[in-house]
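Observations on the three-dimensional arrangement
Residue-level listing of the chains:
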Amino acid sequence: MPVTERDQLAAAARAAGLRLASQDLDHLLVAWKRYRALVDDLRGRVAPDPMDDDD
Amino acid sequence: MTDDPAEMSMTAVVRALRGRTLSPVELVDAYRDRIEAGRDLRAYITPPGATARRQAQRAAERLARRDRGALLGVPIALKDLYATRGVRTTAGSRILRDWVPTGDAALVTRLRQAGAIIFGKTNLHEFAYGVTNANPWWGIAKNPSDPRRSPGGSSGGSAIAVVGGMCAAALGSDTGGSIRIPAALCGCVGLKPTRGALPLDGVFPLGWSLDHAGPLTRTVADAGLLFEVLAGRPAPRPVRTRGLSVGVVRGPLTTRIQPGVRARVEAASGALRRAGLRVRDVRIPELEWAVATQLVTLRAEASAVHARWIRRRPRSYGADVRVRLQLGALVSGADYVVAQRARHRIREAIGQAFSDVDILMLATAPMTAPLIGDRVVRWRGVAEPVDGALVRLTSPFNLSGLPALSVPCGLAGGLPVGVQLVGQWNDEARVLAVGRLIEELAQ
């Protein structure tokens, strides 16, 4: 069964002890996607993966 | 100088009170009339009550005895996250709606020691966690220039109170721009001092490594006087501005700016050049990382403050703050480390820029006050969240801890614009001196 990003986020939220209504999860998913995009971009600029040079 | 006490600068109020051409009671009544008339702006959560008038009467007696206190009889409003003994302190939240602290915040104690009248508790974004001041529990604060627009936040109520003549000055707090943004959008002065210059004891925290306390005032001189009292420092020696070097920040960070805002900032830098300062362009590419760095750092730190409540009673938060805190609970240690590495690089890059200049200058906010409810601003078709845009130019200096001042520099489309001046560590004196010059040149 495919696991969506929404399912993964719901599981992570449960593991963190958060209680989310379905609508909360929808809002959190939007914020989470924006957050991941910003962090991944930041990581690429500041702390690129050290293994990248070994490709 | 105006004859209306509600319009006077704080330094003029101090002079008038000492000269006994104005009584504290008369002053308090003038401010309370303004508060009543401007009730729809939602500046206050807890307006000043009868206690303020009694404090004014006692101050009048002390002034008659020639008692001296730097702020004796001066009404100062507090953002409602400063703990006040015996007075409800909500932090703009539902959760703390009935919290009555048993002690004062350290800065409130300093104000009282200087003779100030604690003049009510002002509205803020819930728990200071946002920059629009659309507070679901205590009312949506409105911009005095246009009530359809946001005053900015999170110290929006303090800015409204200052601009609206509802107090002599106010205190705010600034974690990503929360003093400077509402100051710019409403048209007053806002000072975020050097990190650590003012104690935060008794100020409800948002992000422990980013929080700053500071004043919102009508003039730069007012900000300087209030800062001295709050910091417990003697007045700094006057600074000569002629010959100082000002670096105007250029680059991608500052390209997405409304034309009217850009024009006002360019006019201010031109005026400084004509006044004998050396003005040059400065590029700090690392500032582009500030929004992401601020986002990760603040999401994690605020989530730590609210760890228990966000898990046990999430419905006690407004929708926007709730999702920010829930997101913060998911920030990994690895993400936080990346952000702190970026922060270190940003601080180093800003420090390098100061090897060539004395002051950095840029707009405080890239836009004038947005309409209440606007979520996105478009730059030639590219969308940017309003909250991200508003902190884009201020948050680098929460990450760095350097002193930053927002000074009004005119209007764009009839709405106030603020220019931001940033100094080196503990160099409030030069920031204030250049700010004062901009103020004078604009008159």
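Residues numbered from 1 in each chain as written. Chains lettered and ligands numbered in written order. Predicted model: local features only at pLDDT ≥ 70, side-chain atom pairs only at ≥ 80, totals over all residues.

Once that is clear, we can look at the overall build of chain B. Scanning chain B from terminus to terminus reveals 15 helices and 15 strands. Rg of the C-alpha trace for chain B: 20 Å, near the compact-globule value of 22 Å for 443 residues, within the 12% margin. Per-residue burial for chain B yields a buried fraction of 59% across its 443 residues. Expressed as a percentage of contacts within chain B between residues at least 6 apart in sequence, the contacts between residues at least 24 apart total 76%. (Helix = DSSP H or I, 4+ residues; strand = E, 2+ residues; numbered from the N terminus. Rg over C-alpha atoms; globule rule 2.2 N^0.38 Å. Buried ≥ 20, exposed ≤ 12 C-beta atoms within 10 Å, placed from the backbone. Contact = placed C-beta atoms within 7 Å.)

The next thing to look at is the overall build of chain A. Scanning chain A from terminus to terminus reveals two helices and zero strands. Here chain A holds 55 residues, and the buried ones make up 18% of them.

Let's shift gears to the interface of chain A and chain B. With 20 residues of chain A at the interface, the matching set in chain B holds 19 residues. Considering each element in turn, the side of chain A that touches chain B owes the most residues, 13 residues, to helix H2 (residues 22–46) of chain A.

Turning next to the nonpolar core. Residues and elements named next belong to chain B. Of all hydrophobic cores here, the largest spans 160 residues; its most connected members are Ile 76 and Cys 167. Considering each element in turn, this core owes the most residues, eight residues, to helix H9 (residues 290–305). When we break this core down by domain, the ones giving at least three residues each are domain 1 (5–231) and domain 2 (245–291 + 331–426). Excluding anything up to four places from it in sequence, Ile 76 contacts Leu 71, Leu 111, Ala 116, Ile 117, Ile 118, Phe 119, Cys 167, Ala 168, Ala 169, Ala 170 and Leu 171. (Core = buried A, V, L, I, M, F, W, Y, C linked by C-beta atoms within 7 Å. Domains from an automatic or database assignment.)

Moving on to unusual backbone geometry. Residues and elements named next belong to chain B. Here the bond from Gly 153 into Ser 154 is cis, since omega is 10°, no more than 30 degrees from zero. One non-glycine residue, Ala 91, lies in positive phi territory at about 55°. Structurally, the position occupied by Ala 91 is in the loop between strand E2 (75–79) and helix H4 (106–113). For Ala 91, a count of 26 C-beta atoms within 10 Å corresponds to the buried category. The phi dihedral of Phe 127 is positive, around 55°, even though this residue is not glycine. Here Phe 127 lies in the loop between strand E3 (117–122) and strand E4 (134–135). Overall, the presence of 27 C-beta atoms within 10 Å leaves Phe 127 in the buried class.

Moving on, we come to the confidence of the model for chain B. Model confidence for chain B is summarised by a mean pLDDT of 96, while 100% of its residues fall at 70 or above. For this predicted complex, the interface score ipTM comes out at 0.91, alongside a pTM of 0.96. (pLDDT = per-residue confidence, 0-100.)

With that settled, consider the packing of helix H1 (residues 5–15) of chain A against H2 of chain A. All names here are of chain A. It is the contact of H1 with H2, at a shortest axis distance of 10 Å, that shows an interaxial angle of 105°. In terms of orientation, H1 lies roughly perpendicular with respect to H2. From H1, Glu 5, Arg 6, Leu 9, Ala 10 and Ala 13 reach across to H2, where they touch Leu 25, Leu 28, Leu 29 and Trp 32. Broken down by class, the residue content of the contact of H1 with H2 amounts to seven nonpolar, no polar and two charged. (Axes fitted to C-alpha atoms, helices over the stretch in contact; angles between N-to-C directions. Parallel < 35°, antiparallel > 145°, perpendicular 65-115°, else oblique. Nonpolar A, V, L, I, M, F, W, Y, C, P; charged D, E, K, R; others polar.)

Inspection of the secondary structure puts Leu 42 of chain A in helix H2. The class for Leu 42 of chain A is buried, based on 22 C-beta atoms found within 10 Å. Not counting residues within four places of it along the chain, the set of residues in contact with Leu 42 of chain A comprises Trp 289, Ala 292, Thr 293, Val 338, Ala 339 and Ala 342 of chain B.

Here the focus is the sheet that holds strand E7 (residues 189–192) of chain B. Residues and elements named next belong to chain B. Read across the sheet, 11 strands follow the order E1-E3-E2-E6-E8-E7-E14-E15-E11-E9-E10 without closing on themselves; strand pairing throughout is mixed. Whereas interior strands pair on both sides, the edge strands pair on one side only; in this sheet they are strand E1 (44–46) and strand E10 (278–283). Each strand axis lies, on average, 35° off the axis of its neighbour in the sheet, ignoring direction. Both strand E6 (residues 169–174) and strand E8 (residues 212–217) contribute to a ladder of five bridges, which runs antiparallel. Across the sheet, the residue bridging to Asp 174 is His 212, located in E8. Lying over the sheet, H4 contacts E2, E3, E6 and E8, oriented at roughly 145° with respect to E3. Sheet strands in contact with helix H15 (residues 428–442) are strand E9 (245–250), strand E11 (359–363), strand E14 (404–412) and strand E15 (415–422), and its direction is about 15° off that of E14. (Pairing = 2+ DSSP bridges.)

What follows deals with the packing of H2 of chain A against H9 of chain B. As a packed pair, H2 of chain A and H9 of chain B sit with axes 9 Å apart at the nearest point and diverge in direction by 115°. When the axes of H2 of chain A and H9 of chain B are compared, the crossing they make is left-handed. Residue-level inspection shows Tyr 35, Leu 38, Val 39, Asp 41 and Leu 42 of chain A of H2 of chain A in contact with H9 of chain B, the latter providing Ala 292, Thr 293, Leu 295 and Val 296 of chain B. (Left-handed = near helix turned anticlockwise from the far one by under 90°.)

Attention now goes to the domain arrangement of chain B. All names here are of chain B. Assigned domains of chain B: these are domain 1 (5–231) and domain 2 (245–291 + 331–426). Between domain 1 and domain 2, the C-alpha centre-to-centre distance is 25 Å. The partner domain 2 presents 29 residues to the 37 residues of domain 1 that form the contact. Looking at the side of domain 1 that touches domain 2, the elements that each hand over two or more residues are helix H6 (180–186), E7 and helix H7 (220–231).

Taking 1.5 Å of rise per residue, 16 residues should cover 22 Å, and H9 of chain B covers 22 Å from first to last C-alpha, within 8% of that figure. Of all the 16 residues making up H9 of chain B, 14 are buried; the element is thus mostly covered by neighbouring parts of the structure. (Expected span 1.5 Å × (residues − 1).)

Another point: the pairing of E7 of chain B. All names here are of chain B. Across the two faces of E7 the burial is the same, with Val 189 and Leu 191 and Gly 190 and Lys 192 all buried. Bridge count between E7 and E14: three bridges; the pairing is antiparallel. Paired with Leu 191 across the bridge in E14 is Leu 405.

This next bit is on the environment of Asp 222 of chain B. Residue and element names in this part refer to chain B. As for its position among the elements, Asp 222 is in helix H7. What makes Asp 222 buried here is the crowd of 25 C-beta atoms within 10 Å. Each C-alpha atom of the pair Asp 222 and Glu 439 lies 12 Å from the other, and the pair is 217 residues apart in sequence. Beyond its immediate sequence surroundings of up to four residues, Asp 222 is in contact with Ser 9, Met 10, Thr 11, Ala 169, Val 189 and Thr 217.

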